[in-house]
Amino acid sequence: MKAPVYLVLATLFWSGNFVVGRAAVTSMSPLDLTYWRWTFAAVPLLLLAHFAEKPDWRAVLSRWPALLLLSALGMSAYTLLLYAALGHTSAVNASLITAASPALIVVMAIVLLGEKTTRLGWAGICLGLLGVLLVLTRGAPQHIFRLSINTGELMMIGAIFVWGCYTIIARRLDIPAITSTAMQVLIASVTLTPFALALDVRLPETPAEGWSLAYIVAFPSLGAYLFWNLALKTTPPGTAGNYLNLIVVFTAVITVALGTPLTLVQIVGGILVIAGVLLTGMKVRVKAPEPAAPGRVS
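Residues numbered from 1 in each chain as written. Predicted model: local features only at pLDDT ≥ 70, side-chain atom pairs only at ≥ 80, totals over all residues. Heavy atoms only, no water.

Caption draft 1: Fine view of the overall build of the protein chain. A tally of regular secondary structure across the protein chain gives 13 helices and zero strands. Element order for the protein chain, N to C, with α for helix and β for strand: α-α-α-α-α-α-α-α-α-α-α-α-α. A sequence separation of at least 24 residues applies to 91% of the contacts in the protein chain between residues at least 6 apart. With an accessible surface of roughly 14100 Å², the protein chain has 71% of that area assigned to carbon and sulfur atoms. (Helix = DSSP H or I, 4+ residues; strand = E, 2+ residues; numbered from the N terminus. Contact = heavy atoms within 4.5 Å. Areas by Shrake-Rupley, 256 points an atom, 1.4 Å probe, with all protein chains shown as cover.)

Caption draft 2: Spotlight on the packing of aromatic side chains. One pass over the structure, following the stated rule, counts 15 aromatic pairs. On the basis of an interplanar angle of 15° and a centroid distance of 5.4 Å, the ring pair of Y6 and F227 is categorised as stacked. Highlighted residues: Y6 in helix α1 (residues 2-24) and F227 in helix α10 (residues 207-232), separated in sequence by 221 residues. A ring pair is formed by W163 and W228, whose centres lie 5.5 Å apart and whose planes are at 50°; its orientation type is tilted. Linking W163 in helix α8 (residues 151-171) with W228 in helix α10, this pair joins segments that are 65 residues apart in sequence. This pair shows no difference in class: W163 is buried, exactly as W228 is. (Phe/Tyr/Trp six-rings, centres within 6.5 Å; stacked < 30°, edge-to-face > 60°. Buried < 20%, exposed > 50% of the residue type's maximum accessible area, 1.4 Å probe, protein only.)

Caption draft 3: Here's a closer look at the pattern of salt bridges. Inspection of the entire model under this criterion finds three salt bridges. Here D174 and R63 are joined by a salt bridge, their closest N and O atoms 2.2 Å apart. With D174 in the loop between α8 and α9 (177-198) and R63 in the loop between α3 (57-61) and α4 (64-86), the pair connects residues that are 111 residues apart, well separated along the chain. With relative accessibility at 59%, the residue D174 sits in the exposed group. Overall, the relative accessible area of 29% leaves R63 in the partly exposed class. Across the pair R202 and E205 runs a salt bridge, and its minimum N-O distance is 3.7 Å. Residue classification places R202 among the partly exposed residues on the basis of a relative accessible area of 22%. Looking at E205, the relative accessible area reads 61%, which means it is exposed. Connected through salt bridges with shared partners, the residues R202, E205 and E209 form a single ionic network. (Salt bridge = Lys/Arg side-chain N within 4 Å of Asp/Glu carboxyl O.)

Just geometry here; none of it tells us what the structure is for.
Given below as structure tokens:
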């Protein structure tokens, strides 16, 4: 029962990242946010990993190729694409494209890992997407066809593809979750340093920028990635990916907290998203591919 809680918390923290990140990119560059996000998160995560999991650091370092790949995908590429996209498109369009992540991850898991998804599993994904569409289009799904594709939306398409790859690969990494996350964050900070120096990355200069970065470091960076990796140890990527639909629901809740009332359509859409998440979570199973018969090339 811990994995669903971890996935819900991860999506909650990432929801805040959409709201805070959209405001922050108006005065800070995507590289500013990405570099300081991981640089400030690296030491706390490493200390937590060392004292909580007591890993064999030599064995962990021997897995550096996989950790480097995961860091490049999930920490550097995805984050840079996300913040860059938020500087060119609305939060609504970015969230809508993000809602396609679960379906993409399921397809990738089927192709790459041999996962099997039942009809009810697909029904859960469709139900969740319907809820997302209702929330984003205010009860008029036909409005989806009026959205134009611009540079920011193309960046978000690239971002969800990168995240799908990250989720698939992270599922197979046999390193303790906190240690894995800490090493990926450290690698991201180190590999981004030359770019930060060359492009004159700056620290926050106003209280608003400072608080924005503090939130991004504490919750989307430390909390969300930690909970996501913990959940992936026992949860198939397809099931975990479907929880990303909750980002839309939590974004609506954050909006209410900021003073905007919640509409009936948003409530209904949220119920559909949650129902879809629960349905997919109960019905998706991981099945190992059948072994090749003698003399058959698999």
